[in-house]
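Coordinate analysis (summary)
The chain contents come next:
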Amino acid sequence: MLPDTLVDNRYRIIKSLGDGGMANVYLAHDEFLNRDVTFKMMRLDMKNDVDLAKRFQREALSVTELINDNIVQVYDVGEYQGSQYIVMEYVDGTNLKSYIGEHFPIAYQQVVDIMMQILNAVQAAHNAGIIHRDLKPQNILIDRNDQVKITDFGIAIAKSEQDLTQTHTVIGSVHYLSPEQTRGGMASAKSDIYALGVMLYEMLTKQVPYEGDTPVAVALKHATADMPSVRDFDPRIPQALENVILKATAKNPQDRYLDVSVMAEDLKTVLSPRRSNEQRFAPTADIENETRIIPMEQIQDQLKNGVSSVNVLPEEVPEEPSVKDLIIEYGKKGYAVKSIAKIVDRTPNYVRSVLRGNGIKYRENKLPKVLAFAALFIVAIIAIFAFIHIQASQITVPSLSNLTRAKAEKKIQEAGLNVGSVTSTTSTTVKKGSVVRSTPKEGADVKKGDSINLVISSGKAKVRFGDYVGSDYDVTAAQLRSQGYEIQKEQQASDSVAAGIIIAQSIDASGKVDPTATKVTFTVSTGPVKITVPDFTKSSTQSDVQNWASQNDVTVNFNTTYSNSVKKDHVISQSIRGGSKITKDNTLLITISQGPEQSSSSSSSSSSSSSSSSSSNSSTSSENSSTTSSDSSTSESSSSQ
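Residues numbered from 1 in each chain as written. Predicted model: local features only at pLDDT ≥ 70, side-chain atom pairs only at ≥ 80, totals over all residues. Heavy atoms only, no water.

The name given to the protein chain in an unreviewed UniProt entry is non-specific serine/threonine protein kinase, and the organism recorded there is Leuconostoc suionicum.

1. Some remarks on the sheet that holds strand E12 (residues 435-439)
A sheet is described by the order of its strands in space; here 3 strands give the open sequence E11-E14-E12, paired in mixed fashion. Of all the strands in the sheet, the pair left with one neighbour each is strand E11 (418-425) and E12. In this sheet, neighbouring strand axes are inclined to one another by 25° on average, regardless of whether the strands run parallel or antiparallel. In this structure, E12 lies alongside strand E14 (residues 451-457), joined through 4 bridges in antiparallel fashion. Residue Val 435 lies in a different strand from E14, and its bridge partner there is Ile 456. (Pairing = 2+ DSSP bridges. Helix = DSSP H or I, 4+ residues; strand = E, 2+ residues; numbered from the N terminus. Axes fitted to C-alpha atoms, helices over the stretch in contact; angles between N-to-C directions.)

2. Structural notes on the packing of aromatic side chains
Within the structure shown, the criterion is met by 12 aromatic pairs. The structure contains a cluster of three or more aromatic residues connected by ring pairs, namely Phe 32, Phe 465, Tyr 468, Tyr 473, Tyr 485 and Phe 522. Against the face of Tyr 75 rests Arg 35, its NZ or CZ located 3.7 Å from the ring centre. (Phe/Tyr/Trp six-rings, centres within 6.5 Å; stacked < 30°, edge-to-face > 60°. Lys NZ or Arg CZ within 6 Å of the ring centre and 35° of its normal.)

3. Quick look at the sheet that holds strand E24 (residues 587-593)
If you trace the 3 strands from one edge of the open sheet to the other, you get E21-E24-E22, paired in mixed fashion. In the strand order of this sheet, the two ends are held by strand E21 (555-561) and strand E22 (571-574), each with one partner. With direction set aside, neighbouring strand axes in the sheet form an average angle of 25°. Pairing analysis gives 7 bridges linking E21 to E24, with the strands arranged parallel.

4. Regarding a nonpolar patch on the surface
Nonpolar side chains collect at one region of the surface, where Phe 377, Ile 378, Ile 381, Ile 382 and Ile 384 lie side by side and expose about 490 Å² of accessible area between them. In this structure, Ile 382 sits in helix H16 (residues 369-393). The exposed category is assigned to Ile 382, whose relative accessible area is 54%. (Patch = residues over 30% accessible without salt bridge, like charges linked within 9 Å, V, L, I, M, F, W, Y side chains within 5 Å. Areas by Shrake-Rupley, 256 points an atom, 1.4 Å probe, with all protein chains shown as cover. Salt bridge = Lys/Arg side-chain N within 4 Å of Asp/Glu carboxyl O. Buried < 20%, exposed > 50% of the residue type's maximum accessible area, 1.4 Å probe, protein only.)

5. Observations regarding the side chain of Lys 190
Along the chain, Lys 190 turns up in helix H7 (residues 189-205). No salt bridge is formed by the buried Lys 190; the nearest opposite charge belongs to Glu 180, separated by 8.3 Å. In this structure Lys 190 touches Glu 180, Pro 253, Gln 254, Arg 256, Tyr 257 and Leu 258, once residues within four positions along its chain are discounted. (Lys, Arg positive; Asp, Glu negative; His and termini not counted. Contact = heavy atoms within 4.5 Å.)

6. Observations concerning the confidence of the model for the protein chain
On average, the protein chain scores 79 in pLDDT, and the residues at 70 or more come to 78%. When mean pLDDT is compared element by element in the protein chain, helix H10 (residues 239-248) scores highest at 96, while helix H20 (residues 604-640) scores lowest at 38. Per-residue pLDDT stays below 50 along residues 287-320; that stretch engages in 72 contacts with residues further than four places along the chain or on separate chains. pLDDT under 50 marks residues 600-641. Its contacts with residues more than four places away, or in other chains, come to 13 contacts. (pLDDT = per-residue confidence, 0-100.)

7. Focus: the pattern of salt bridges
Taken as a whole and judged by the stated rule, the model has 14 salt bridges. We note a salt bridge from Glu 180 to Arg 256, for which the minimum N-O separation is 2.7 Å. You can see Glu 180 sitting in helix H6 (residues 179-182) and its partner Arg 256 sitting in the loop between H10 and helix H11 (260-268), a full 76 residues away along the chain. Given the relative accessible area of 3%, Arg 256 is considered buried. Between Arg 405 and Glu 409 there is a salt bridge; the shortest N-O distance is 3.0 Å. Taken together, the positions of Arg 405 and Glu 409, both in helix H17 (residues 405-414) and 4 residues apart, correspond to about one turn of that helix. Relative accessible area serves as the criterion here: at 42%, Arg 405 is assigned to the partly exposed category. Sharing partners across several salt bridges, the network here consists of Asp 4, Arg 12 and Glu 31.

8. Focus on unusual backbone geometry
Of note, the bond from Phe 104 into Pro 105 is cis; its omega dihedral lies within 30 degrees of zero at -5°. The amide bond that connects Thr 439 to the next residue, Pro 440, takes the cis arrangement and shows omega of -5°. Along the chain, Pro 440 falls in the loop between E12 and strand E13 (445-447). In this model, Lys 206 sits at a positive phi of 70°, which is unusual for a non-glycine residue.

9. Some words on the environment of Ser 434
Turning to its location among the elements, Ser 434 is positioned in the loop between E11 and E12. Here Ser 434 falls in the buried class, since its relative accessible area comes to 1%. Each C-alpha atom, one on Ser 434 and one on Thr 404, is 4.2 Å from the other, the two residues being 30 residues apart in sequence. Discounting chain neighbours no more than four positions away, the residues touching Ser 434 are Asn 402, Leu 403, Thr 404, Val 455, Ile 456 and Ser 457.

10. Structural notes on the packing of helix H3 (residues 108-127) against H11
Packing of H3 against H11 leaves a shortest axis separation of 9 Å and a crossing angle of 165°. One way to sum up the angle between H3 and H11 is to call them roughly antiparallel. The way H3 lies across H11 gives a crossing that is left-handed. Side by side, H3 and H11 meet where Val 112, Met 115, Met 116, Leu 119, Val 122, Gln 123 and His 126 of the first sit next to Val 260, Ser 261, Met 263, Ala 264, Leu 267 and Lys 268 of the second. Among the residues making up the contact of H3 with H11, the classes are represented as 9 nonpolar, 3 polar and 1 charged. (Parallel < 35°, antiparallel > 145°, perpendicular 65-115°, else oblique. Left-handed = near helix turned anticlockwise from the far one by under 90°. Nonpolar A, V, L, I, M, F, W, Y, C, P; charged D, E, K, R; others polar.)

Here it is, written out as structure tokens:
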């Protein structure tokens, strides 16, 4: 869509933010609530897929009530020019994939902090019965205050049927695909945990654990190949931290964490000194019986025919030289340690350990022994003094969450640290004026005099309510309830407003409110007033009818005729049956008795003929006479008052 396009008279497109597997993504402005939003429109090549469109909308609606500080909120769902769209919270920042590329290597404590926020979001979704199914760094957003937001909940379920059917989609997702999904199993909460483990691996190494020339090759490795060790990449990574990856990515779901909360509890303490001697995690469950062997050709056919999962064949995994094999090969060729380390993307210490373990002499520039010992001695002395200095100057960031700004700043200064920048953000859990989080985070090790940045809660987000008078109540109420409003309805008849349309609202249109703590009452039209017509044929006089008509503002036309059975000035018949309901725009026709006709018997026949003729003339002029009667009744009513 072009910039400045106005969708449904509400969302104005500002610019494109990119394209996804199912949707084109735009930055838009909500004209009603005066805020920027992310606007996702289903791609044109998919809009004619009715089932996919229904899933796109249904699953997005299923997460509108999923409120969490680490989940991108879905605000609205609709249709524009035949394509489904979703309106979501706009996050001003970048995705985790780009963040890793820009900030690598990332400090271990920061890796833990980011992953803890991700786990918080996924746990909230799992508690609500929602499985993401497509967790990957591209779906993890990080704003300018380092707050994590997971996106594409709900969309992922509809999208899962498209995965592995479009090459450009597969390449983005297959790197995080659990073994059971590659074997044709259903995605579950344990599948999300597997993807979380792969993302943790990527944050520590800047690469995914498995690569291949095709999506099928990568899927095969997920099902059969051992998870590469992050400690091979960097031996300084604590074994406890690697164990979280190994347990989350175990081939058999039974070996993985029971749920995300258990994974979070384990991750909290991975940098604790008491876990420094932890043994490497080893799975216990047997996965072999779960692996179904099928020909490679069948896997390729499944992909071509649109099957959303593949069965892997262990025997067909392409043999590739391992990192250790490469190190040994280059070592035998006489390459220097540092050169080998650069080639295989490992540390020199790791290269040396592999070469030593295989009895291979390695080459590197060495100082004479005397100089080497002297250098080692000097380095040792410097290291000791540096360690003492670091220990003396190292400070742990205190707990600041939920403290007022004044108390937090005092606590920072008492710890020998400085207060850095202070920014604000909305929060549904932290009261206004209190600390949401700090950077660096609580428990991080910093130097004396370092600055601690604070993010202070500005309270729950307040938005302009908007003017809904004249809108359809059912549509408006559903939309506002999805945003957290409490909606009440009052009904009122109206001759000028159609039934179901909002006549008035209890909140001013320009008022700023918190949707999650606001109750609004809408006055809704029931249409014109309904009036019950009495049965005037039961002894009512013309005067009775005129009085009723004046009180209810109803138009009545009268005509008269002779009657031997109904007394003079009493009602003989009425055009609308008694007990019926009418509106003011209906007209009631009443026939009044003139009493018996006064004439001689000899002229009865003549009179009857004359009466018949008179009746015809009366019928022609009834409208004029009835108008006169109506005017007369109004006059009588006025004089009687």
